[in-house]
Number of protein chains: 2
Amino acid sequence: MASIFPKTTIFKRFSSTFTSKPIPSKTHLHKPIPDVAFPQGYVLTGIHAGVKKVPGVQDLGIILSTSIHPTSAAACFTRNAFKAAPVLVSQQVLDENGGRARAIVVNSGCANAVTGKQGMEDAWAMAKATDTLLEQESRHKKTSETLVMSTGVIGQNLPITKILSGIESQSLNNTEARTLGSTFEAWERAAKAFLTTDTFPKLRARTFSIRGKEYRLAGMDKGAGMIHPNMGPPSGQLHATLLGCILTDAAVSPTSLQTALTYAVERSFNSISVDGDMSTNDTIVALANGAASVSDSSGWLQEIDEQVDPEGYEVFRNELTSFAIDLAQLVVRDGEGATKFVTVSVEGAPSYEDAHKVASRISTSALVKTALFGEDANWGRILAATGSIPLSQPIDPTKVSVSFVPTDGSTPLPLLVNGEPEKVDEARASEIIAAEDLEIRVELGLGSEAAKYWTCDFSYEYVRINGDYRT
Amino acid sequence: MASIFPKTTIFKRFSSTFTSKPIPSKTHLHKPIPDVAFPQGYVLTGIHAGVKKVPGVQDLGIILSTSIHPTSAAACFTRNAFKAAPVLVSQQVLDENGGRARAIVVNSGCANAVTGKQGMEDAWAMAKATDTLLEQESRHKKTSETLVMSTGVIGQNLPITKILSGIESQSLNNTEARTLGSTFEAWERAAKAFLTTDTFPKLRARTFSIRGKEYRLAGMDKGAGMIHPNMGPPSGQLHATLLGCILTDAAVSPTSLQTALTYAVERSFNSISVDGDMSTNDTIVALANGAASVSDSSGWLQEIDEQVDPEGYEVFRNELTSFAIDLAQLVVRDGEGATKFVTVSVEGAPSYEDAHKVASRISTSALVKTALFGEDANWGRILAATGSIPLSQPIDPTKVSVSFVPTDGSTPLPLLVNGEPEKVDEARASEIIAAEDLEIRVELGLGSEAAKYWTCDFSYEYVRINGDYRT
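Per an unreviewed UniProt entry, chain A goes by the name Arginine biosynthesis bifunctional protein ArgJ, mitochondrial and belongs to Meripilus lineatus. Comment text from UniProt for chain A, heading Function (unreviewed entry), reads "Catalyzes two activities which are involved in the cyclic version of arginine biosynthesis: the synthesis of acetylglutamate from glutamate and acetyl-CoA, and of ornithine by transacetylation between acetylornithine and glutamate." Regarding chain A, the relevant UniProt record gives this comment under Sequence similarities (unreviewed entry): "Belongs to the ArgJ family."

Encoded structure:
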């Protein structure tokens, strides 16, 4: 039978055979975006520094804000106790600059996590080298304003010499090698530098306006495994490799940018799961450089701020949230070995936290995910997962309902109503579950709170990718 | 290439191919046991009632205590909110009889879970029919003394007529069909009736003695998927399909039997994971029928009791615990698609609960389990899992050490020491991970408490089994 995978990826030493449906191609999700749609005042690139073995493949990304206004920065970082060196460095940079930063440097292929003292030195070296590029742009010395991200294998040291020469290759005087720019191609190169097992670059842009004034929002992110983020603001307690950044040319005060990002991340990146494993590196960064904002008559820059202008702030926060959801869903669609995109909606919960806990548990159940892969409408596993975690008030089985909701707009299929199993039309159930997109809806009947989670199925390909990730 | 699986199990409609190492055969773990090693005063059998499609395969098991002494009974049930009907019935029987029960009826192939009112009626019908067998044995009417267990697909009703005629086939007057007995073959038939995706019957027996008096202990259980039990005593709060029973001919007071079983289950069945999913049916039952116990001069039966004889009780509790661990480990060894048996030891924790939480998280990590399947010593994933959950006190990465411990007694391989990665001999790491048995040891450096967990790897075969379980 024809394999969709290169022969080299097959375990030669293994000796029993599984045949599987092909993993649907996701590359159509990568679309060109007109240059004018990208936020003003940023230059970017992605190059091959040599972290990854395959020549020419981007593994180093650089993003610089060239705005004359100070650039606000906010971030949400993994709550994993083993925060990677780039996470610790980025947190410190944000703290010391009071929420200002103007550059992002990212490498893929090596996570620089659990790398001890050497790892910290390497992360700082990446930041300093990128600061030098910033100084050339802005022509005056600053404290470190670079945020660092890494993704890839844990427990290995960075090939730091290669990375540093890669960064230096983008200096102003290096006119030949320098590829920093603001065209679609430049944004695309940067987006590619984030990727590990992803099958396409995840780049999106949109515009929004506050009182007639138009701003641009662009973002990029990556997955595609160890995806079950639990990220909080720099001050967050310890606990979730997902990397992403969202850039805007609006001016936003640092505190309001952080408040908006924290709100957005909880409802987007913290509500997706590919395999239920939290990474040591998860980082989402937002930059707002004010390049599109107007100064008032006094020349003072009017920043979007929750205190000064609640309505304006709310418009921004909601745009940021819906944009973050778009980026987060791309990660699930491109989840390792994913053949399904599943929305898990939990309703009628006593609290948002309870709804979120149940949605998360269903989204991470190996039995639910393998059933989805097999297109087996085994809804009993959804119930077992729902009932397996304690909530703020006990579940009453006689109040619980479960249904499959087709995404083609056709009638939902009730599977369980108030604890009583329906006479399920298995043919219809199989029809719904055969679709690539599907919604599982659980009604707890305990309250009025709801939460959504986005997950994928569990396939042979997931096992293949992760059984042999480092080789 | 030769497949170890019947052709019929291959997804015909699928069109890409994976080759895998064969799943090692586990059938050698099923060994004959001399009849005299089994506890006295029990008759058992396992028959084909017709729940399972394959003719002749046992799907109904019956265990009766024929001891003249009252039989003490204790149980730990799933904490899943969606407790299956047989769980609810068994709880009620134990409550109403003050910890006395003399029969167990079990079916495999259908879990009778999430089956509403009909499910409760069916479970009670199974209990009543088995009570009738008891009356024949003991020749005097009793309140219901039968505990019920079911395992299989969730959300489908039992073929109750087939099951009831199966139970009736064992009545005294039915001399031809009746197969109830106390030989190894009878115990083996009963053990087979528990099985679903298990590849061998899990039956063990041992003797122990208190002050020179010898008692017998026998038990049987089953997995092999939806295995991440969290069971508590009947009074326990709500929260895990694992079925098992442990039978002894010692006399133990009901309260002490429950106390000992709860202690044993926490350190055995509640410390294993195949796929991280908790079932609606998990049940472990212990019966103590006193058939081997001596009465004192007054003719009063001396029961093992924590208050009356703490030393005697402790001997019994420890025997029960180590026996329960043996039975629990068999479930992991036969885990769906398992090619590895992995012991996760977490040491230096502030509390047993913290150590247990970390061990559980590592044992359920899809990334750790796929790496084990791929025999990739990707220890970074162990760290990521360790750091992903909040503990009673925050983890200090600089105090954490991780090592692979070979089970052949050769020197352990340190991977991380006090947060600093070791220069790992990858060849040696691969050697250790290539073995079927392996121990992962994590030292947190936060205290002196420890816990062990037993888990298996995550293979293509696991996905195959669960992608197509019901068809």
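Caption draft 1: Region of interest: unusual backbone geometry. The residue after Gly223 of chain A, namely Ala224 of chain A, is reached through a cis peptide bond having omega 0°. Positionally, Ala224 of chain A belongs in the loop between β8 (213–222) and β9 (231–232). The backbone phi angle of Asn418 of chain A is positive, close to 45°, even though this residue is not glycine. Note that Asn418 of chain A resides in the loop between β15 (413–417) and β16 (420–421). Positive phi values are uncommon outside glycine, yet Arg211 of chain B reaches one of about 50°. Locating Arg211 of chain B in the fold gives a position in the loop between β7 (202–210) and β8 (213–222).

Caption draft 2: View of the pattern of salt bridges. All names here are of chain A. Counted according to the given criterion, the structure contains 34 salt bridges over all chains. A salt bridge links Arg100 to Glu303; its shortest N-O distance comes to 3.4 Å. Look at Arg100 and you get partly exposed, because its relative accessible area is 21%. Note that Lys340 is salt-bridged to Glu375, the shortest N-O span being 2.8 Å. Residue Lys340 is found in the loop between α6 (310–333) and β13 (341–349), and its partner Glu375 is found in the loop between α8 (366–373) and α9 (380–386); the two are separated by 35 residues along the sequence. Of the residues examined, Glu375 reaches a relative accessible area of 22% and is grouped as partly exposed. One salt-bridge network, in which partners are shared between bridges, spans Asp198, Lys202 and Asp334.

Caption draft 3: Fine view of the UniProt feature "active site" (unreviewed entry) in chain A. Residue and element names in this part refer to chain A. In the UniProt entry, the feature "active site" (unreviewed entry) is given for Thr241. Inspection of the secondary structure puts Thr241 in the loop between β9 and β10 (243–248). The buried category is assigned to Thr241, whose relative accessible area is 6%. Once residues lying within four places of it in the same chain are set aside, the contact partners of Thr241 are Thr151, Lys222, Gly223, Gly225, Met226, Ile227, Ser279, Asn281 and Asp282.

Caption draft 4: Here's a closer look at the packing of aromatic side chains. Summed over all chains, the structure comprises 16 aromatic pairs over all chains. Where Phe458 of chain A meets Phe458 of chain B, the ring centres are 5.2 Å apart and the plane angle is 45°; that geometry is what we call tilted. Of the two residues, Phe458 of chain A sits in the loop between β18 (449–455) and α11 (460–467) while Phe458 of chain B sits in the loop between β18 (449–455) and α11 (460–467), which places them in two different chains. Each member of the pair Phe458 of chain A and Phe458 of chain B is classed as buried. Ring plane angle 85° and centroid distance 4.8 Å describe the contact between Phe458 of chain B and Tyr462 of chain B, whose orientation is recorded as edge-to-face. For the pair formed by Phe458 of chain B and Tyr462 of chain B, the shared burial category is buried. An aromatic cluster of three or more residues is present, and its members are Phe38, Tyr42, Phe184 and Trp187 of chain A. One cation-aromatic arrangement involves Arg267 of chain A over Tyr352 of chain A; the distance from NZ or CZ to the ring centre is 5.4 Å.

Caption draft 5: Inspection of the nonpolar core at higher detail. Counting residues in each nonpolar core, the largest one holds 205 residues, and the members touching the most others are Met220 and Phe404 of chain A together with Met220 and Phe404 of chain B. Beyond its immediate sequence surroundings of up to four residues, Met220 of chain A is in contact with Leu44, Ile63, Trp187, Ala190, Ala191, Phe194, Lys202, Leu203, Leu243, Gly244, Cys245 and Leu327 of chain A.

Caption draft 6: Structural view of helix α5 (residues 254–266) of chain A. Residue and element names in this part refer to chain A. A rise of 1.5 Å per residue sets the reference length of α5, with its 13 residues, at 18 Å; its end C-alpha atoms lie 18 Å apart and thus fit the reference within 8%. Among all positions of α5, only Pro254, Ser256, Leu257, Gln258, Ala260, Leu261, Ala264 and Val265 are buried. For α5, the secondary structure elements touched by its buried residues are β4 (72–78), β9, β12 (283–288) and α6.

Caption draft 7: How the structure looks around the sheet that holds strand β17 (residues 437–443) of chain B. All names here are of chain B. Taking strand neighbours across the sheet as the criterion, the seven strands line up as β11-β18-β13-β17-β14-β15-β16 in an open arrangement whose pairing is mixed. Each end of this open sheet is capped by a strand with a single partner; those strands are β11 (272–273) and β16 (420–421). Inspection of the sheet shows strand β13 (residues 341–349) paired to β18 by six bridges, in the antiparallel sense. Among the inter-strand pairings, Val344 is bridged to a residue of β18, identified as Tyr453.

Caption draft 8: Region of interest: the environment of Ala186 of chain A. All names here are of chain A. Tracing the backbone shows Ala186 in helix α4 (residues 184–193). Classification of Ala186 by relative accessible area gives buried; the value is 0%. Apart from the residues within four sequence positions on either side, Ala186 is in contact with Leu44, Thr45 and Gly181.

Caption draft 9: Summary view of the pairing of β17 of chain B. Residues and elements named next belong to chain B. With seven bridges joining them, β13 and β17 adopt parallel strand pairing. Within β17, the position partnered with Val344 by the bridge is Ile440. Strand direction decides the pairing type here: strand β14 (residues 401–406) and β17, joined by six bridges, are antiparallel. The residue of β17 that forms the bridge with Ser401 is Glu443.

Caption draft 10: Region of the structure containing the UniProt feature "binding site: substrate" (unreviewed entry) in chain A. All names here are of chain A. The UniProt entry lists Thr196, Lys222, Thr241, Glu336, Asn466 and Thr471 under the feature "binding site: substrate" (unreviewed entry), expressed in the numbering used here. Inspection of the secondary structure assignment puts Thr196 in the loop between α4 and β7 (202–210). For Thr196, a relative accessible area of 23% gives the class partly exposed. Of note is the side chain of Thr196, whose polar atom sits 2.9 Å from the side chain of Lys222. Secondary-structure assignment places Asn466 in helix α11. Judged by its relative accessible area of 2%, Asn466 falls in the buried class.

Quick notes on the rules
- Residues numbered from 1 in each chain as written.
- Chains lettered and ligands numbered in written order.
- Predicted model: local features only at pLDDT ≥ 70, side-chain atom pairs only at ≥ 80, totals over all residues.
- Heavy atoms only, no water.
- UniProt positions renumbered as here; feature names shortened; annotations may be inferred.
- Helix = DSSP H or I, 4+ residues; strand = E, 2+ residues; numbered from the N terminus.
- Salt bridge = Lys/Arg side-chain N within 4 Å of Asp/Glu carboxyl O.
- Buried < 20%, exposed > 50% of the residue type's maximum accessible area, 1.4 Å probe, protein only.
- Contact = heavy atoms within 4.5 Å.
- Phe/Tyr/Trp six-rings, centres within 6.5 Å; stacked < 30°, edge-to-face > 60°.
- Lys NZ or Arg CZ within 6 Å of the ring centre and 35° of its normal.
- Core = buried A, V, L, I, M, F, W, Y, C linked by side-chain atoms within 4.5 Å.
- Expected span 1.5 Å × (residues − 1).
- Pairing = 2+ DSSP bridges.
- Polar contact = N/O pair within 3.5 Å; in protein donor to acceptor, adjacent residues only side chain to side chain.

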